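Structure assessment
These are the residues of each chain, in order.
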Amino acid sequence: MTIIVTGGAGFIGSNFIFHMLEAHPGYRIVCIDKLTYAGNLSTLARVMCDTNFRFVRADICDRKAIYKLFEEEHPNIVVNFAAESHVDRSIENPEVFLQTNILGTQVLMDACRKYGIDRYHQVSTDEVYGDLPLDRPDLMFTEETPIHTSSPYSASKAAADLLVLAYHRTFGLPITISRCSNNYGPYHFPEKLIPLMIANALNDKKLPVYGEGLNVRDWLYVADHCKAIDLIIHKGKVGEIYNIGGHNEMRNIDIVKLICKNLDKPESLITYVTDRKGHDMRYAIDPTKIHDELGWLPETKFADGIKLTIDWYLDNRDWWETIISGEYRNYYERMYGELQ
Ligand code: NAD
Ligand code: TYD
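Residues numbered from 1 in each chain as written. Chains lettered and ligands numbered in written order. Predicted model: local features only at pLDDT ≥ 70, side-chain atom pairs only at ≥ 80, totals over all residues. Heavy atoms only, no water.

1. Considering the overall build of the chain
Looking only at helices and strands, the chain features 12 helices and 12 strands. The globule rule puts the C-alpha radius of gyration for 340 residues at 20 Å, and the 19 Å found for the chain is close to it. Structurally, the chain occupies a C-alpha span of about 55 × 45 × 35 Å along its principal axes. In the chain, which comprises 340 residues, the proportion classed as buried is 57%. When contacts within the chain are restricted to residue pairs at least 6 apart in sequence, long-range pairs at least 24 apart make up 83% of them. With the model as given, the accessible surface of the chain reaches about 14300 Å², and the carbon-plus-sulfur share is 51%. Each charge class in the chain was averaged separately, 36 positive and 47 negative side chains, and the resulting centres sit 3 Å apart. (Helix = DSSP H or I, 4+ residues; strand = E, 2+ residues; numbered from the N terminus. Rg over C-alpha atoms; globule rule 2.2 N^0.38 Å. Buried < 20%, exposed > 50% of the residue type's maximum accessible area, 1.4 Å probe, protein only. Contact = heavy atoms within 4.5 Å. Areas by Shrake-Rupley, 256 points an atom, 1.4 Å probe, with all protein chains shown as cover. Lys, Arg positive; Asp, Glu negative; His and termini not counted. Charge placed at Lys NZ, Arg CZ, Asp CG, Glu CD.)

2. Points about the sheet that holds strand 1 (residues 2-6)
Spatially, 3-2-1-4-5-6-10 is the arrangement adopted by the 7 strands of the open sheet, whose pairing is parallel. Both edges of this open sheet fall to strand 3 (53-57) and strand 10 (241-244), since each of them pairs with a single strand only. Direction aside, the axes of adjacent strands within the sheet are offset by 20 degrees on average. Of the pairings in the sheet, the one linking strand 1 to strand 2 (residues 28-33) comprises 5 bridges and is parallel in character. Along strand 2, the bridge assignment pairs Ile-3 with Ile-29. Where helix 7 (residues 222-235) meets the sheet, its contacts fall on strand 1, strand 4 (77-80), strand 5 (119-125), strand 6 (175-180) and strand 10, and the angle it forms with strand 5 comes to roughly 145 degrees. (Pairing = 2+ DSSP bridges. Axes fitted to C-alpha atoms, helices over the stretch in contact; angles between N-to-C directions.)

3. Considering the site of ligand 1
The local shell around ligand 1 holds 28 residues, among which Ile-12, Asp-33, Ser-85, Tyr-153 and Lys-157 are the closest. Measuring from an oxygen atom of ligand 1, one finds a backbone N or O atom of Gly-10 at 2.9 Å. Separating an oxygen atom of ligand 1 from a backbone N or O atom of Asn-183 is a distance of 2.9 Å. In isolation ligand 1 exposes 830 Å². Once the protein is present, 97% of that is buried. Those elements that provide at least two residues to the shell around ligand 1 are helix 1 (11-23), strand 5, helix 5 (152-171) and strand 7 (182-184). The leading source of residues in the shell around ligand 1 is strand 5, at 3 residues. The class makeup of the residues in the shell around ligand 1 is 13 nonpolar, 11 polar and 4 charged. (Near = heavy atom within 4 Å. Polar contact = N/O pair within 3.5 Å; in protein donor to acceptor, adjacent residues only side chain to side chain. Nonpolar A, V, L, I, M, F, W, Y, C, P; charged D, E, K, R; others polar.)

4. Describing the sheet that holds strand 11 (residues 249-251)
Pairing is mixed across the open sheet formed by 3 strands, whose spatial order is 7-9-11. Because the sheet does not close on itself, it has two edges, and the strands there are strand 7 and strand 11. Shown here is a sheet whose adjacent strand axes are inclined to one another by a mean of 50 degrees, direction ignored. Looking at chain direction, strand 9 (residues 216-221) and strand 11 are connected through 3 bridges and run antiparallel. Among the inter-strand pairings, Arg-217 is bridged to a residue of strand 11, identified as Met-250. Along the sheet, helix 7 makes contact with strand 7 and strand 9, crossing strand 9 at roughly 70 degrees.

5. Focus on helix 7
Each turn of an α-helix holds 3.6 residues, which means side chains three or four residues apart point in the same direction. In this model, helix 7 (14 residues) spans 20 Å end to end at C-alpha, consistent with the 20 Å of a helix rising 1.5 Å per residue. Counting buried positions along helix 7 yields 10 of 14 residues, so the element is predominantly enclosed. Looking only at helix 7, the buried set comprises Val-222, Asp-224, His-225, Cys-226, Ala-228, Ile-229, Asp-230, Leu-231, Ile-232 and Ile-233. (Expected span 1.5 Å × (residues − 1).)

In structure tokens:
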């Protein structure tokens with residue numbers, strides 16, 4: 001069994017590679033990653049010498065490189081994590097989101113059609129459903145909820161989902177799609193809420209909360225997402241969409257306060273900053289389908305997962321300090337000005 005994992009030098013893709021090499025010792029895992037600002041080869045250091053693992057630096061939009069790789073590897077399954085993934089960057093510069101997230105997906109699926117594949121899995125997001133109001137806690141996203149996107153990021157992910165469904169219906173490509181809520185855990189790039197707050201708090205820097213911090217996200221520990229994808233690619237029904245979520249809705253401000261408490265840092269570090277444009281209010285996933293059909297349930301409680309995550313950032317300072325001293329520094333200054 002050979003699986004191509006795209007975007008494997010990023011947050012969720014790397015965690016997925018670690019999970020698959022451990023859970024399926026006989027599988028060959030081939031990672032394709034362009035190594036954008038968000039991709040970090042040091043993340044994969046511990047598997048680089050594994051004989052069941054191969055890393056290839058390539059852009060998923062590069063048709064020639066992707067076809068060559070399919071000719072060499074004859075993959076059985078492709079799992080596509082590669083994406084531009086940060087909403088704020090999509091507001092700054094949408095174009096690369098359309099290129100990678102939509103056109104890159106097309107190139108991968110064209111390769112699957114040309115060379116044959118048992119399964120193409122698209123890693124999507126709950127953000128394709130838009131947002132929910134705060135005063136309707138009874139509402140949740142199901143797989144039938146209409147697509148209704150807010151940001152260039154979510155629009156590009158939704159466009160890719162539609163293209164994946166079109167390749168299934170038109171060409172019979174054996175696809176599955178998963179739409180997951182917000183992940184957290186090790187190797188999360190420190191521009192996203194949880195790792196940014198941990199890194200800033202550890203450096204006694206201000207903690208920039210957008211608006212009033214009342215926006216709600218449904219947080220899932222990354223290992224639980226990886227296990228769900230493993231189940232879907234082996235047991236999920238071709239042509240189906242599966243929602244993945246933690247039943248763990250939290251307001252941003254409560255998360256930031258929890259991080260302060262865990263790190264013994266004062267809440268006075270919290271600074272309210274200008275809200276994100278078009279900021280989605282609330283995401284909430286109904287994961288009934290994946291539970292009923294595949295038996296998946298989240299295993300990590302948030303109270304445990306956040307401790308594991310904080311400990312990981314304490315134990316792996318080199319990993320994130322190298323990142324924030326590099327290109328990310330320029331982005332941080334553009335986003336948050338002189339906020340220290
Ligand atoms: P990430 O930004 O940490 O990693 C993305 C990876 O893709 C990086 O290693 C980057 O180098 C690589 N990449 C980017 N453009 C590429 C290209 N053109 N060719 C090859 N590689 C390229 O993202 P993440 O948080 O790990 O998200 C992975 C996937 O999961 C994305 O598709 C995202 O939409 C989806 N998702 C993320 C979350 C979340 O909370 N992070 C939730 C639901 C779904
Ligand atoms: P983020 O981690 O960017 O994920 P997403 O926008 O995909 O849900 O942001 C999570 C929430 O945290 C979102 O409501 C925006 C908010 N946020 C802040 O308040 N401050 C920050 O510095 C960042 C990066 C996010």
